[in-house]
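Here is how the chains run, residue by residue.
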Amino acid sequence: MDDSQNSTEHGLLPPGFRSSSPSSSKRKSPLRSRRSIFHSTASPHHAPNVAPPSVESHNYEPDESEVWRAANHRMNNLNRGQWWTTGKRRSIRRWMLTIIVGVLQGLIAYFCNMLSRKLSTTKWTYVYAALQDEVKGEAWSGKAYLLFLLYQTFYVSIASFMVYLEPVSAGSGIPEVKCFLNGIALPRIVRIKTLFCKVLGVTFSVAAGLPVGKEGPMVHSGAVVASAISQGKTQVCGVDTSFTKIDAFRNDKEKRDFVACGAAAGVCSAFSAPIGGVLFALEEGASYWSTKLTWRVFFCSMMTLLTLYSVKNLDTWWGQASTEKLFSFGEFASLSDGEVNFSIWELFLFSVIGCLGGLIGACFNATNEHITIWRMKHVNHSKLRRVSEVMAVSFLVTTVSFLMPTIWGRCTELPVDVEDWSDQEKELVDALVPFKCQAGKEYNEVASLIFTDADDAIKQLFHFREAGEDDASTFSSAALFLFFMPYISLATLVYGIAVPSGLFVPSLLSGAAFGRLCGHLLHKLDHTQGTFADSGSYALMGAAAVLGGMARMTISLTVILLEATGDMQYVLPLMLTLMCARFTGNVFNEGLYDIHIHLKRIPFLEQDAPEICEHHEIVANQVMSSDVKCIRPVERVGVIHDLLSSYGHSNFPIIDEHGTLYGTASRNMLCTLLKHRAFSKSSDNNMNPLGPRRVSPLLTFSEIESVYPRYPTIADCRLAPEDRSCFVDLRPYANTAAYTINETASCQRTYRLFRTMGLRFLSVCNHENKIVGVITRKDLLPEALLESLIRVRRPGRELGGGDDELGDSGESSGAIALGTRL
C-alpha cells in the first residue's frame, strides 16, 4: 500500500487534498488566537469553573438530513387532503399530556403536604405531652428533649437515605431545573427515581423540623413529572416501561417545553399561585419562551390548582369550596373600611426594609457560598461523610431549637378578651405553644415560632394582634430577635446538606420575624398611637425582602405573595420592597441559585453576552476551539470507530475533498449507524458527492431517533476485524443545514446565535466556507473568554504563530484535522 492509500486508511487527508489549495498552507489568519488546529492535544480550557466532561448540551434544532426530509415528506403526503391531520392529533395529545402533568403534580403536592403534616403532628403530640409531664413533675427532666431528638433523628435519617439512593435529589432542585431549561443535559435530573427520592425525602426533612421548605422540591418534582409524562418511556429496574407511542414528543425541544410547564405547576402546587407559577417559569426558569408555551404553562398551572381544589374539598362533595384548605398567608383585613393598612409616606420605610432584606440576603448567600465550598472539598466526595454531616447538623438544629425556648423562659398570658377577634385570630391563639408554661393559660413566645409548622408560624407573625405598650398578646422584640438570629443562621448552614430542601419558607419565616421586629420597634417609638401600619404589614414586607434578597426574584415573587395573601392593597409596597432588595443584593453578589450553579461548574448561559465580549472586541476566531476532528462524506468504519473511541466530541464536521464544509454528523447518529451495521464493503470515491447514488443501506429517521434519549454508545458497537475496512455513506444522515458563523463575527453575535437557537455545536468557517474551528457552550463562558483574551495578549507570542507548530507537513494521526489552511 502506497503512502496515499495509507493516509486514506487512517483518516488523513485524502489523495490530492493538499494540492487543491497550495496557497493556503502558508497563509496565516490575521485573527488566529488559539493553538494550531493540527495540534490535537487536550481541550484549551483550563479554567477551574469549566463544566465536567459528563455535562452535555441539549439539541433544540433537528438535524436537517435527507432521511429527516424524507420522513417529513412522507407525513405530508399522508396528511394531504385530510382534515384530521397528524399535526392536529399531535396538538390534542400535547394538551392531554399537559392536563395529566398538572393533575399528577397536584396529587403529589397533596400527598407530600398531608404526609408531612401527619408526621409533624405525631411528633408534636408526644413532645408536648412529655413537656407537660415535666412541668407537672410526672416525668424526669430531659425526657422531652430526648424524645424530640429521637423523632428528629429518625425523620432526617429517612430524608438522608433518599439522597443516599439518588444524590441529585439533594437540595431544592431549582438550580438544576434552571440549567435543564437553559439547554444543559444534567444526568439523572428528570428520572423517576429522582422524583421518588425527592418527594419522600423533602416530606421527612420538613417533618424533621429542619429550617427547610417544600417549595423548591415541588418545582423539581413538577419538572420530573412533566418529563416522564411527555416521553412516555422510562427505565425502572432495567425494564422499559413505555406506555405511549408518541414519538413526536421524544426530543429535547418538546421535553424542554413540558419541563417548563411542570416547573410552573410545581410553584402552583406549593403556593396555590397559578399566575405566580407562570411568571416563575418565565422569569427564573425557561431560557426559551414563546406565546404558545405561555398558554400551555398557564393551562398546566390551572389544572394543578383545580386538582388541589378537588382533593381538598372532597369532604363537601365539591360543594362550597374553602380557600382555607389551600396554602395561604391568611386574611389581611383592612384596619379601617375603604382604606389601606399603611400610609403613603410609609412606602419609604418599606423600601428601607427592602434594602435591609437585600443586605441580609446577600450575607446569607455569601455565608452559604463559603460553607458550600468547604463542603464540596471535605464532605461531598463521600456518601458516608454526607450522611454523618446530616446527623450532626440535625443534632445541632434539635439542640438549638430546644434551648432557645428554654433560654427565653418567660411565660406570657394568653389573651382573654378575644370576643371581638376574628375566627382567624382565635385559631392563632389556640395554636400558641405553652412549652414548659401552664397549658391553657400561658404560652412561650419563642416556642410558638419553633415548635410548630413553619406555615403556622408565618401566620402568627402576619396576623397576631398587637395590644398595648407592655407587649401583651404579642411577640416581644427580644423574642423576635432571639428567634431570628439562630433560625436564619441554621438555615444558612442547612441548605446544601444531603437532604431535599427548599429555601422559600425558611426565608419567608425569618424575614417575617425581621419585619415584625421592625414594626414592633416603630410602634414603641410612637407608644402605639397608630402612626405606623400594623406589625403584620411590616412582617409581610420583611418576608418579601429577605426572600427577594436571597433569590433576587421580583415579578414572579410579587405575584406569588399577592396570591398567597389575597389582598391587592400590598401591590405597590411589595413591588418597592422586592426591587430594593434585588438592587441592594446585586451590589454584593448574585442570587443563591446562580451561586450554586457556578459552584457546580455548570456552563449556564445568561441572557446577555458577557461584558468582556464588548469591552475587548472579541471575535469568533478568538473564541473557537481549534481542535477539530473532521470526517468525509464517505468514510471507513475503522476511522469512525477510532474517532468516537478517542474523542468525546458530540458533533463532527463533514468536509469534502476540497475542505469545504459539507455538513455535520452527531455522535449519536454515528453510533447508531455502527450499531445497526449501516455500512458496505465498497466505495466509489469518484461519485458526485451530491448525487443520488448511495453506498450503504439506509436507516430511516424513525429508526435513528426511536431510542431517544438513550442512544447507543461506542462501547455498544461491536465490530469484526473485517468490518473496519467497510465504508459508511454519511450523506443521507448528515445535517446539511447546520448553523455556521464566519470567523470574523463578533462574540456578541456568536453568543446570541448560539443561545437563541439552543445549539450545542456551532461551526466556524472562513470566507471560503472552510471549517476553521468549532464553538461549544463552554467556549462562551466568561472564564473561557477571559482565558482566550489572555492567550491572545500573552507577551512574546505572535498572533497566528501556532500555525507552525507541526511544520509544513500538516499531518496528524487519526481523523482529518483541519485549520485555516484549508
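Small disclaimer: the values here were computed from a predicted structure and weren't measured.

A.B. asks: Quick rundown of the state of the cysteines? Include the residues and the values.
C.D. replies: Two cysteines joined by a covalent bond between their sulfur atoms form a disulfide. Across all of its chains, the model carries one disulfide by this definition. Across a sulfur-sulfur distance of 2.0 Å, cysteine 411 and cysteine 437 are joined as a disulfide pair. Residues cysteine 411 and cysteine 437 are joined through a disulfide that is left-handed, its torsion about the S-S bond being -90 degrees. Within this pair, whereas cysteine 411 is found in the loop between α12 (383–408) and β5 (412–413), its partner cysteine 437 is found in the loop between α13 (423–430) and β6 (442–443), the two being separated by 26 residues in sequence.

A.B. asks: Quick rundown of the confidence of the model for the protein chain? Include the residues and the values.
C.D. replies: Considering every residue of the protein chain, the mean pLDDT works out to 83; 83% of them sit at 70 or more. Confidence, expressed as mean pLDDT per element, reaches its minimum in the protein chain at helix α1 (residues 3–9) with 39 and its maximum at helix α20 (residues 571–588) with 96. Here residues 1–53 is a poorly scored stretch, pLDDT under 50, and it has 141 contacts once near neighbours within four places are set aside; other chains count. Confidence drops under pLDDT 50 across residues 818–822; counting only partners more than four residues distant or on other chains, this segment forms 33 contacts.

A.B. asks: So, the nonpolar core: which residues are in play, and what are the values?
C.D. replies: Soluble globular proteins tend to pack their nonpolar side chains together in the buried interior. Counting 153 residues, the largest nonpolar core has Phe271, Phe329, Phe451 and Phe462 as its most contacted members. Considering every element that reaches this core, the biggest residue donor is helix α18 (residues 535–551), with eleven residues. Sequence-distant contacts of phenylalanine 271, that is, excluding residues within four places in its chain, are made with Glu215, Phe327, Phe504, Leu508 and Ile560. Within the second largest apolar cluster, 27 residues are counted, among which are Tyr662, Met669, Ala678 and Phe679.

A.B. asks: Please give an account of the pattern of salt bridges that cites residues and values.
C.D. replies: Following the criterion strictly, the structure yields 17 salt bridges and no others. We note a salt bridge from arginine 117 to aspartate 456, for which the minimum N-O separation is 3.9 Å. Within this pair, whereas arginine 117 is found in helix α3 (residues 86–136), its partner aspartate 456 is found in helix α15 (residues 454–463), the two being separated by 339 residues in sequence. One salt bridge connects glutamate 284 with lysine 178, and the closest N-O pair in it is separated by 3.4 Å. Pair noted here: glutamate 284 is in helix α9 (residues 274–285) and lysine 178 is in helix α5 (residues 174–181), with a separation of 106 residues, a long-range link. You'll find glutamate 284 and lysine 178 in the same group, each marked buried. Each of Arg117, Asp453 and Asp456 takes part in one network of salt bridges that share partners.

Reading guide: rules and limits
- Residues numbered from 1 in each chain as written.
- Predicted model: local features only at pLDDT ≥ 70, side-chain atom pairs only at ≥ 80, totals over all residues.
- Heavy atoms only, no water.
- Disulfide = S-S within 2.5 Å.
- Helix = DSSP H or I, 4+ residues; strand = E, 2+ residues; numbered from the N terminus.
- pLDDT = per-residue confidence, 0-100.
- Contact = heavy atoms within 4.5 Å.
- Core = buried A, V, L, I, M, F, W, Y, C linked by side-chain atoms within 4.5 Å.
- Buried < 20%, exposed > 50% of the residue type's maximum accessible area, 1.4 Å probe, protein only.
- Salt bridge = Lys/Arg side-chain N within 4 Å of Asp/Glu carboxyl O.

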